[in-house]
Amino acid sequence: MNPETEVFFENVISYSFILLLIIFIVFFYLRKKKKSSDAVSEKIKKAIETGFFEPHSLHPVVDQDICIGSGGCIAACPEKDILGIVNGRATTINASRCVGHGACFHACPVEAITLVMGTEKRGVELPHISQTFETNVEGIYIAGELGGMGLIKNAVEQGKQAVENILNKHGKKGEEGIFDIFVIGAGPAGISATLNSKKLGLSYKTVEQDSIGGTVFSFPRQKVVMTSSMELPFYGKVKLSETSKTELITIWNEAITKGGIEIAEGEKVEKITPVNKIFEIETNKNKYKSNTVLLSIGRRGSPRKLGIEGEKSEKVFYRLLEPELIKNQDIIVVGGGDSAIENALMLSDEGNNVTISYRGESFKRIKPKNLEKVEKYSESGKLEIAYNTTLKKIMPESVEISGPNGEYKLRNDIVYIFAGGELPNKFLERTGITITKKFGEAVLKHQN
């Protein structure tokens, strides 16, 4: 064999080896991708079976024609198994667990994600607001949870932006006896709005029917609140990934102190009346006048009641503030959401005999960590779960429960009801605010 032929065969062998190596790498890459895709498909199948696939409120929708399967949306999401990759394209898995933070929307490199409220089958009632957060009633604005964006960072940003929009449209009038802005609610959006009002030189009044923190204050003390970096006027950047309610309330109070703002706690707005382009606001303590109003109240409104005998008993509660003080009690927790589960778990940890009564056949709306933990507690006998049951009657030393096998009594000292809250529709309608039902409408989408 001459040298040229020898070199030729050596090159053929080298190129063949490289080609085989490439084929080998591609084969294992594709097999790995298929295995991962099959795993996600299996998770979707399970989510459909358990009811987690159908979204309840704000959730991402992926345009399959645009998505390139980069996985950026999955990496950005702080929750587990909300999104996954199937056949090289992102898709939702447990959409009902989405908390609407929008991280996936911002992380997508090709703008393939839209944040949508409701679905074609399941509508979500929301007050009508414009892109500037103004309602159909000129001069009344909404920011935060009531408008459908309840995540803390989003609420803080909306509160700031709403005040800026109010200043741009209505100006700074400084009339005696008339506020430039009247803020109702001192949760994340309300506190942010109040701080920004002070910063921009607007005259303001802020009232809160409960305590500073709003909905956050009603969280159980140990509850961890998922949030992310946010900017507070007068305070600066708040960098958090996880925090307790107590730590978050401390941040609010520090911001309030640094900003030198005042918030009237325990003052509930009962009526808003427009009179000659001025709003007359009546609370349980006083009467005020303001050029504009910002509603930053929660969607829950008043706790939803069961409407059963004995519900007005002193042993019935709708929120849990200090679980560490409750021990060795027979407790029934009503509800199947995260609040009900988290409270039940904490009460169980304090040595209480806890039973969860839930009308559904499985928990379909809770976070994976909560689901895993409550199932573990149930299997170990640390708490009882009564699926497909409803509370029928509350008595001094027991409760009456209706289940698949009929009605029965259960020894009881305390009843906690976490059946959600009722959107303050009547209050909004009396104010003239239009409430619409969203059936799969885009709340946040990229502008082409």
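Residues numbered from 1 in each chain as written. Predicted model: local features only at pLDDT ≥ 70, side-chain atom pairs only at ≥ 80, totals over all residues. Heavy atoms only, no water.

Draft legend 1. Highlighting the overall build of the protein. Within the protein, the regular secondary structure consists of nine helices and 29 strands. The buried share of the protein, taken over its 448 residues, is 46%. For the protein, the proportion of contacts with a sequence separation of at least 24, taken over those separated by at least 6, is 67%. By element, 51% of the accessible surface of the protein is carried by carbon and sulfur atoms, the whole surface being about 23400 Å². (Helix = DSSP H or I, 4+ residues; strand = E, 2+ residues; numbered from the N terminus. Buried < 20%, exposed > 50% of the residue type's maximum accessible area, 1.4 Å probe, protein only. Contact = heavy atoms within 4.5 Å. Areas by Shrake-Rupley, 256 points an atom, 1.4 Å probe, with all protein chains shown as cover.)

Draft legend 2. A look at the packing of aromatic side chains. Under the defined criterion, the tally for this structure stands at six aromatic pairs. For the ring pair Phe179 and Tyr288, a centre distance of 6.3 Å and an interplane angle of 50° mean the geometry is tilted. Here Phe179 is found in the loop between helix H4 (152-170) and strand E7 (181-184), whereas its partner Tyr288 is found in strand E16 (residues 287-290), with 109 residues between them in sequence. Look at Tyr288 and you get buried, because its relative accessible area is 13%. A centroid spacing of 5.7 Å and a plane angle of 35° characterise the contact between Phe317 and Tyr416, whose relative ring orientation is tilted. Placement of the pair is Phe317 in strand E19 (residues 316-317) and Tyr416 in strand E26 (residues 414-417), with a sequence separation of 99 residues. Using a relative accessible area of 4% as the deciding quantity, one classes Tyr416 as buried. (Phe/Tyr/Trp six-rings, centres within 6.5 Å; stacked < 30°, edge-to-face > 60°.)

Draft legend 3. Fine view of a nonpolar patch on the surface. A surface patch of nonpolar side chains, amounting to about 1200 Å² of accessible area, comprises Tyr15, Phe17, Ile18, Leu21, Ile22, Phe24, Ile25, Val26, Phe27, Phe28, Tyr29 and Leu30. Structurally, Phe28 is set in helix H1 (residues 3-50). Exposure remark for Phe28: the relative accessible area of 34% places this residue in the partly exposed category. (Patch = residues over 30% accessible without salt bridge, like charges linked within 9 Å, V, L, I, M, F, W, Y side chains within 5 Å. Salt bridge = Lys/Arg side-chain N within 4 Å of Asp/Glu carboxyl O.)

Draft legend 4. Molecular detail of the sheet that holds E26. The strand order across the open sheet built from five strands is E19-E26-E20-E21-E22, with neighbouring strands paired in parallel fashion. On the outer flanks of this sheet lie E19 and strand E22 (384-387), each paired with one strand and no other. (Pairing = 2+ DSSP bridges.)

Draft legend 5. View of the pairing of strand E14 (residues 269-275). Inspection of the sheet shows E14 paired to strand E15 (residues 278-283) by six bridges, in the antiparallel sense. The residue bridging Ile272 from the neighbouring strand is Ile281, located in E15.

Draft legend 6. Main features of the nonpolar core. Judged by nonpolar contacts, the single largest core of 32 residues is most densely connected at Ile181, Ile191, Leu232 and Trp252. Put simply, the parts of the chain that give this core at least two residues each are H4, E7, helix H5 (188-199), strand E10 (230-232) and helix H6 (245-259). Discounting chain neighbours no more than four positions away, the residues touching Ile191 are Ala186, Ile212, Gly213, Trp252, Ile256 and Ile263. (Core = buried A, V, L, I, M, F, W, Y, C linked by side-chain atoms within 4.5 Å.)

Draft legend 7. Seen up close, the sheet that holds strand E17 (residues 293-295). As summarised here, the arrangement of the five strands in space is E6-E17-E7-E8-E13, forming an open sheet in which the pairing is parallel. The open sheet has two free edges, formed respectively by strand E6 (140-142) and strand E13 (264-265), since each of these has just one partner strand. Summarising the sheet, strand E8 (residues 204-208) and E13 pair through two bridges and their orientation is parallel. Opposite Val207, over in E13, you have Ala264 as the bridge partner.

Draft legend 8. Layout of the pattern of salt bridges. Following the criterion strictly, the structure yields 10 salt bridges and no others. With its nearest N and O atoms 3.7 Å apart, the salt bridge here joins Lys160 to Glu157. Here Lys160 and its partner Glu157 are both found in helix H4, three residues apart, which amounts to about one turn of the helix. We classify Glu157 as partly exposed; its relative accessible area is 34%. Residues joined by salt bridges that share partners form a network here, namely Glu134, Glu138 and Lys169.

Draft legend 9. Quick look at the packing of helix H7 (residues 338-349) against helix H8 (residues 368-379). Across the interface, H7 lies against H8 with an axial gap of 10 Å and an inter-helix angle of 45°. Here H7 is positioned oblique relative to H8, judged by the angle of their axes. As H7 packs across H8, the resulting crossing turns out to be left-handed. Contact with H7, carried on its side by Asp338, Ile341, Glu342, Leu345, Ser348 and Asp349, involves Asn370, Lys373, Val374 and Tyr377 of H8 and no other residues of that element. Of the residues that constitute the contact of H7 with H8, the class distribution is four nonpolar, two polar and four charged. (Axes fitted to C-alpha atoms, helices over the stretch in contact; angles between N-to-C directions. Parallel < 35°, antiparallel > 145°, perpendicular 65-115°, else oblique. Left-handed = near helix turned anticlockwise from the far one by under 90°. Nonpolar A, V, L, I, M, F, W, Y, C, P; charged D, E, K, R; others polar.)

Draft legend 10. Seen up close, the environment of Asp65. Mapped onto the secondary structure, Asp65 falls in the loop between strand E1 (58-62) and helix H2 (72-76). Accessibility expressed as a relative area gives 76% for Asp65, which makes it exposed. Put simply, Asp65 and Ala112 are 47 residues apart on the chain and 8.3 Å apart in space, counted from C-alpha to C-alpha.

Draft legend 11. Local environment of the state of the cysteines. Considering all chains together, one arrives at zero disulfides under this definition. The cysteine Cys73 is free of any disulfide, with Cys67 supplying the nearest cysteine sulfur at 6.4 Å. Take Cys73: its relative accessible area is 7%, and that puts it in the buried class. (Disulfide = S-S within 2.5 Å.)

Draft legend 12. Summary view of the side chain of Thr92. Checked against the element boundaries, Thr92 lands in strand E3 (residues 89-92). When residues no more than four places from it in sequence are discounted, the contact partners of Thr92 are Ile44, Phe53, Pro60, Ile82 and Leu83.

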